[in-house]
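What the coordinates show
The lines below spell out each chain.
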Amino acid sequence: MAGLSVKPGQRFTLPEWHTNSHLISADAARRRSASHRVRQEARALRGETNNQAKWDEHDNQTRLVERISSVNIWKETLDKCLTDIDAEINALAKVKEAAERALQAKNLPLDVSIECLTLRESRRAIDVVRDPVEEELHREVKVIEKAKKELHQRVNEAFEQLCLLEEARQQLSCDHRCKTEALEIDRLCLSLSVDSPSISFKVNPKRVTDGSTSVDDWEQNSQRNKERAEAEMKASTDLREAVMLAIAETDNELEAQRVTTEFAFRKRIKDLESAYDELKWQEKNTLEEISEVEEDIRRLEEDLKRKMQNLKVVHTRLEVRTCRPSVELCRDQVQSGLTDELHQLEGTIHALQQKRAELQGALDALYRELHHIQTDMGYKASSLVLDNKCMDTRRKLVVPAEKFAPQIDAWSRTTNRVPSLLTNRQLELP
């Protein structure tokens with residue numbers, strides 16, 4: 001019988017075997033304890049991180065809501081500012097157009113005044129006088145030019161203010177557009193969740209974008225835009241009031257000057273009519289006096305003819321009596337009487353001739369005066385025609401202006417129309 005074979009290798013003792021079992025049990029218990037501790041820590045961490053994530057998400061959701069509300073408030077504020085500034089732009093544009101119409105309407109009175117001055121330059125001789133009418137017409141030209149200058153300045157101011165309003169509106173519109181885009185972006189961010197299909201990892205999401213501003217800068221920018229818009233609207237409102245006041249004042253001043261000028265015209269026409277009537281009366285009386293003088297000269301010449309005939313009779317008698325013969329040729333009472341009659345007739349004829357010369361001189365003077373009167377009447381009649389024509393021309397000022405206002409550029413109008421030498425009665429018409 002063969003012997004039992006022994007397996008070669010290390011042999012452990014029983015105590016070693018028990019020790020190994022105890023070690024394995026202890027290691028297993030230690031590993032389980034560590035695993036339990038790690039599991040508890042993981043559970044605590046998971047709960048803590050879940051809570052932190054939920055609160056962080058809630059806080060950011062709240063911040064987004066607050067930010068959306070803040071941006072929306074500013075957007076509504078800008079909406080109102082845009083509405084107000086649009087209304088102000090429209091109002092100022094209408095006032096500017098009214099000022100331009102008022103400026104253009106001044107061309108007709110200026111043309112009328114210059115036309116009246118031009119017509120009155122046709123006066124003649126003594127009637128070429130610098131009377132109150134001419135002074136008022138010159139003053140009227142100055143008033144119109146002053147009104148046009150002021151209205152032109154107001155139109156320019158309104159144009160500049162419109163540009164400022166448009167610039168402020170542009171800034172408001174840009175800010176409003178940016179806030180609208182920001183609201184859409186923040187509302188999109190507010191709508192995102194873990195289930196949203198568009199979420200993904202991004203490259204460097206924590207980067208600070210170039211051109212970003214602080215919250216204070218953001219709010220100050222919107223505040224500046226709003227304050228500037230409000231300031232420009234206030235300036236525009238003040239300017240509108242000033243423009244309307246300027247239109248009213250210039251219209252009132254021009255109307256007052258028109259009334260004054262036409263009052264001067266009426267007074268001048270009345271004076272001319274009175275002067276013409278006086279001259280007419282003087283002409284009538286002068287003609288009557290001329291007729292009387294001519295009649296007296298005719299009668300005086302008849303008397304002279306008779307006296308000359310009487311003188312011829314006396315001369316003839318005296319001459320014939322010189323033919324008496326001899327002693328009959330004596331200086332009797334007849335001779336004395338005839339001689340006295342001769343002297344008397346010669347004196348009478350001389351006196352009558354002298355008086356006839358005086359009457360002829362008076363008649364010549366009357367004819368010269370009549371010619372002077374009739375000439376002056378012609379001047380007065382011409383002046384009356386001219387001033388009445390001026391009054392007819394000025395009637396265009398009291399009818400609707402659009403019937404007479406020329407369709408021309410109100411900006412470049414009549415810069416050279418003012419007669420620079422009106423005081424010397426030299427008009428330069430365009």
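Residues numbered from 1 in each chain as written. Predicted model: local features only at pLDDT ≥ 70, side-chain atom pairs only at ≥ 80, totals over all residues. Heavy atoms only, no water.

Looking now at the overall build of the protein chain. Each helix and strand counted, the protein chain has 5 helices and 0 strands in total. The burial tally for the protein chain puts 29% of its 430 residues in the buried class. The contacts in the protein chain between residues at least 6 apart in sequence include a share of 91% that link residues at least 24 apart. Surface exposure of the protein chain reaches about 28,600 Å², of which carbon and sulfur atoms provide 54%. (Helix = DSSP H or I, 4+ residues; strand = E, 2+ residues; numbered from the N terminus. Buried < 20%, exposed > 50% of the residue type's maximum accessible area, 1.4 Å probe, protein only. Contact = heavy atoms within 4.5 Å. Areas by Shrake-Rupley, 256 points an atom, 1.4 Å probe, with all protein chains shown as cover.)

I85, L92, L165, L172, V243 and I247 are the most contacted members of the largest nonpolar core, which has 23 residues in total. Looking at this core, the elements with two or more residues in it are α1 (14–105), α3 (132–191) and α4 (215–321). Top contributing element to this core by residue count: α1, with 11 residues. Sequence-distant contacts of V243, that is, excluding residues within four places in its chain, are made with V95, A99 and R154. V141, A264, F265 and I269 belong to the second largest nonpolar core, which has 22 residues in total. (Core = buried A, V, L, I, M, F, W, Y, C linked by side-chain atoms within 4.5 Å.)

Here the focus is the pattern of salt bridges. Inspection of the entire model under this criterion finds 36 salt bridges. Residues joined in a network through salt bridges with shared partners are R120, R123, R130, D131, E134, R268 and D387. (Salt bridge = Lys/Arg side-chain N within 4 Å of Asp/Glu carboxyl O.)

Attention now goes to the UniProt feature "coiled-coil region" (unreviewed entry) in the protein chain. The sites that carry the UniProt feature "coiled-coil region" (unreviewed entry) are, in the present numbering, residues 134–161 and 269–369. Annotated as residues 269–369, this span is 89% helix and 0% strand, and its ends, taken at the C-alpha atoms, are 24 Å apart. (UniProt positions renumbered as here; feature names shortened; annotations may be inferred.)

As a further point, take a negative patch on the surface. A cluster of acidic residues, E288, E289, E292 and D296, forms a negative patch on the protein surface. Relative to the elements of secondary structure, E288 occurs in helix α4. (Patch = residues over 30% accessible without salt bridge, like charges linked within 9 Å, V, L, I, M, F, W, Y side chains within 5 Å. Lys, Arg positive; Asp, Glu negative; His and termini not counted. Charge placed at Lys NZ, Arg CZ, Asp CG, Glu CD.)

Now for the packing of helix α2 (residues 107–120) against α3. Relative to each other, α2 and α3 sit at 155°, their axes nearing to 10 Å. Considering the angle they form, α2 stands roughly antiparallel to α3. In this structure, α2 meets α3 at a crossing whose hand is left-handed. Residues N107, P109, L110, S113, C116, L117 and R120 of α2 pack against V133, E134, L137, H138, E140, V141, I144, E145 and K148 of α3. Looking at the contact of α2 with α3, its residues break down into 8 nonpolar, 3 polar and 5 charged. (Axes fitted to C-alpha atoms, helices over the stretch in contact; angles between N-to-C directions. Parallel < 35°, antiparallel > 145°, perpendicular 65-115°, else oblique. Left-handed = near helix turned anticlockwise from the far one by under 90°. Nonpolar A, V, L, I, M, F, W, Y, C, P; charged D, E, K, R; others polar.)

Turning next to unusual backbone geometry. For residues besides glycine, phi is generally negative; the peptide bonds are generally trans as well. Even without being glycine, A125 reaches a positive phi, approximately 50°. Secondary-structure assignment places A125 in the loop between α2 and α3. Accessibility expressed as a relative area gives 46% for A125, which makes it partly exposed. One non-glycine residue, N204, adopts positive backbone phi at about 50°. When you line up the elements, N204 lands in the loop between α3 and α4.

Here we come to a nonpolar patch on the surface. A surface patch of nonpolar side chains, amounting to about 250 Å² of accessible area, comprises L188, L192 and I199. You can see L188 is positioned in helix α3.

Relative to the assigned elements, R268 resides in helix α4. Considering only alpha carbons, one finds R268 and D238, 30 residues apart in sequence, at a separation of 44 Å. If we skip the residues at most four places from it in the chain, R268 touches R120, V129, D131, V133 and D387.

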